[in-house]
Structures are given as structure tokens and as C-alpha cells.
Amino acid sequence: MRPARQRGEEEEGDVRAGRSSKEADTARENGPGDPAPTLPGRSRRIRRTEETMSEQPLILGVNCVYHESSACLLRGSQVLALAEEERFNRRKHAKPADVDTADQLPTQAIEHCLRTAGVGAADLDSIAVSFDLARRPEPISEHLTPGSWGDPEGERVFRACVARIPDRLGTVLGTDVEKVVRWVHHELAHGASTYYASPYPDAAVLSLDGIGEWTTGLLAHGTDNKLEELRLLQYP
């Protein structure tokens, strides 16, 4: 039997090493030269999981059109890294939401995600941008501030900025990414972020937003890993 002081020192070391008391007792019983026993098939399952994950698409998600600029990196359905740009540039919301700032990318958040996962731009299969310009309605000129949202001149500037996002991404990543950029419906992106992270295979999904392309709310049905759009609430 070990002296109380020795047992106390060993237990303290086990806590620092993150081992449970059962794991620590097993390791001590086996001796310093003997590896702790593992469950049959455990290493094979780990290898199969790693091989399966390596076959999944690597997706970079980017949000930058309005505010809360951020980036997220996924391997299939597994989140590898995520970050908001304001954590790096120390500006609340990362940038002002104006018609001429839509192409200001979360460059440091993107770099953080790639560096954390140990991958490069050439490894990306898709880049998802949380805005679909095709859903933006034509501008109107009634009761709007000249040069602002919805106004013809303001919309011309805004649309030009959004259209430049693939080029801006190519500059940041050092390669042409136009063919892998995917424009995602803004409200659907909100809904997906909650449904796919939830434990529910079948769920009603509600997103209430300030404004997306030109909608401010989404009602959807999530089932079998698919999200079906049921109803949209138009702005204003």
C-alpha cells in the first residue's frame, strides 16, 4: 500500500493530466512500461472515422455583407473553427453596415479558421457566402434617403460591392475562388445554423432577422438533415 503522501501527489498529477481515477489506477497497476489496455476495435473505429471525415467536403462560411462579420470552417458537418472579426480588430460588429462596406471581409477570422484547422485555400471545396444577390428586389425611389438602401444609386453601389466579394476572397486567399463560391439565402443560413446544430432530426425552425436580401423572417421545416422553406416574412 502506498503512503498517503505519495497517493496524494499521484492523484494531483492525475488531475493535471486530465485522467480519471479509474484510468490512473489502471495505468499504475500495469506499471510504467506497460500501455493501458484499450477496448477491442477502438483504434480501428478511430481510423475509420478519420478516413470518413477526410472524404467530407471542406467548407468555409463567410458572413460580411451587413455586420457581425465572421468566418466558420467545416469538414462535412463538423465545425473545425469559427471566429468573429470583432475579436481581432476590436471594433464592435467588426465594421459599419453601409451600402459600400459589403465587400469588407473578415480577413483575420478567415486566417484564424484556416490556421486552426491546418489547411490552406487550395484545400477548400466550397466557400459559402450568407447572401444571395439574386433574391434582392429591384430598387425603388419612393420615400428613401438618396444614396442609401433601396434607392437606385445606393443599390448600385451595394450590388457592386457584393459582386466583388469573390475577387476580394481570391485576394485574401491568394487564389481564384470564383468557381467554388456559393451564395446562400441569408435567412436560410440563419435557420441552418440552429437546425443543424440541434439534437432534433425533425424540427420547426423560426428565424427572425433585421433584414436579409429583402426578408426579415423565415419559417422552415427541418427533417432528415434537410431544411425546407415554408414561409418568408418580407421587409418592411
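This is a predicted model, so every value here is computed, not measured.

Visitor: So what exactly am I meant to see when it comes to the packing of aromatic side chains here?
Guide: We describe a pair of aromatic rings using the distance from one ring centre to the other and the angle between the two ring planes. For the coordinates displayed, the defined rule picks out seven aromatic pairs. Measuring from centroid to centroid gives 5.0 Å for Tyr-195 and Tyr-196, while their planes differ by 55 degrees, and the two rings are tilted. Judged by centre distance (5.7 Å) and plane angle (80 degrees), the rings of Trp-214 and Tyr-235 are edge-to-face. With Trp-214 in the loop between strand S6 (202-208) and strand S7 (215-223) and Tyr-235 in the segment after strand S8 (226-234), this residue pair connects regions lying 21 residues apart in the sequence. Here the aromatic cluster, defined as three or more aromatic residues joined through ring pairs, consists of Tyr-66, Phe-131, Trp-149 and Phe-158.

Visitor: Honestly, the side chain of Thr-216 in this entry has me stumped. Any pointers?
Guide: Here Thr-216 is to be found in strand S7. For Thr-216, the side chain forms a polar contact with the main-chain oxygen of Gly-210, separated by 2.9 Å. In contact with Thr-216, not counting residues within four places along its chain, are Glu-187, Ser-207, Leu-208, Asp-209, Gly-210, Ile-211, Leu-233, Gln-234 and Tyr-235.

Visitor: In this structure, what is going on with the pairing of S8? I would like to understand it.
Guide: Consecutive residues of a regular strand have side chains that alternate between opposite faces of the sheet. Looking at chain direction, S7 and S8 are connected through eight bridges and run antiparallel. Of the residues in S8, the one forming a bridge with Gly-222 is Leu-227.

Visitor: I'm lost on the pattern of salt bridges in this one. Help?
Guide: Where charged atoms from two side chains of opposite charge approach closely, those side chains can pair. One pass over the structure, following the stated rule, counts seven salt bridges. Glu-229 is paired through a salt bridge with Arg-135; the nearest N and O atoms lie 3.7 Å apart. Residue Glu-229 is located in strand S8, and its partner Arg-135 is located in the loop between strand S4 (126-129) and helix H6 (152-163); the two are separated by 94 residues in the primary sequence. With relative accessibility at 34%, the residue Glu-229 sits in the partly exposed group. Arg-135 sits in the partly exposed class, given a relative accessible area of 38%. What you see here is one network of salt bridges that share partners, running through Asp-103, Arg-164 and Arg-168.

Visitor: What is the right way to read the layout of surface pockets from this model?
Guide: Empty space among the atoms can be located by rolling a probe the size of a water molecule over them. The computed volume of the largest pocket comes to approximately 1600 Å³. Taken together, 46 residues form the lining of the largest pocket, with Ser-130, Ala-189, His-190, Ala-192 and Ser-193 sitting closest to its centre. Mapped onto the lining of the largest pocket, the elements with two or more residues apiece are strand S1 (58-63), strand S2 (70-75), strand S3 (78-84), S4 and helix H8 (186-195). Looking at the lining of the largest pocket, the element that brings in the most residues is H8, giving six residues. Partitioned by chemical class, the residues of the lining of the largest pocket number 27 nonpolar, 14 polar and five charged.

Quick notes on the rules
- Residues numbered from 1 in each chain as written.
- Predicted model: local features only at pLDDT ≥ 70, side-chain atom pairs only at ≥ 80, totals over all residues.
- Heavy atoms only, no water.
- Phe/Tyr/Trp six-rings, centres within 6.5 Å; stacked < 30°, edge-to-face > 60°.
- Helix = DSSP H or I, 4+ residues; strand = E, 2+ residues; numbered from the N terminus.
- Polar contact = N/O pair within 3.5 Å; in protein donor to acceptor, adjacent residues only side chain to side chain.
- Contact = heavy atoms within 4.5 Å.
- Pairing = 2+ DSSP bridges.
- Salt bridge = Lys/Arg side-chain N within 4 Å of Asp/Glu carboxyl O.
- Buried < 20%, exposed > 50% of the residue type's maximum accessible area, 1.4 Å probe, protein only.
- 1 Å grid on protein atoms, 1.4 Å probe; cavity = no way out; pocket = protein on both sides within 12 Å on 5 of 7 lines; lining within 4 Å.
- Points joined across faces, edges and corners; volume = space filled by probe spheres on them.
- Nonpolar A, V, L, I, M, F, W, Y, C, P; charged D, E, K, R; others polar.

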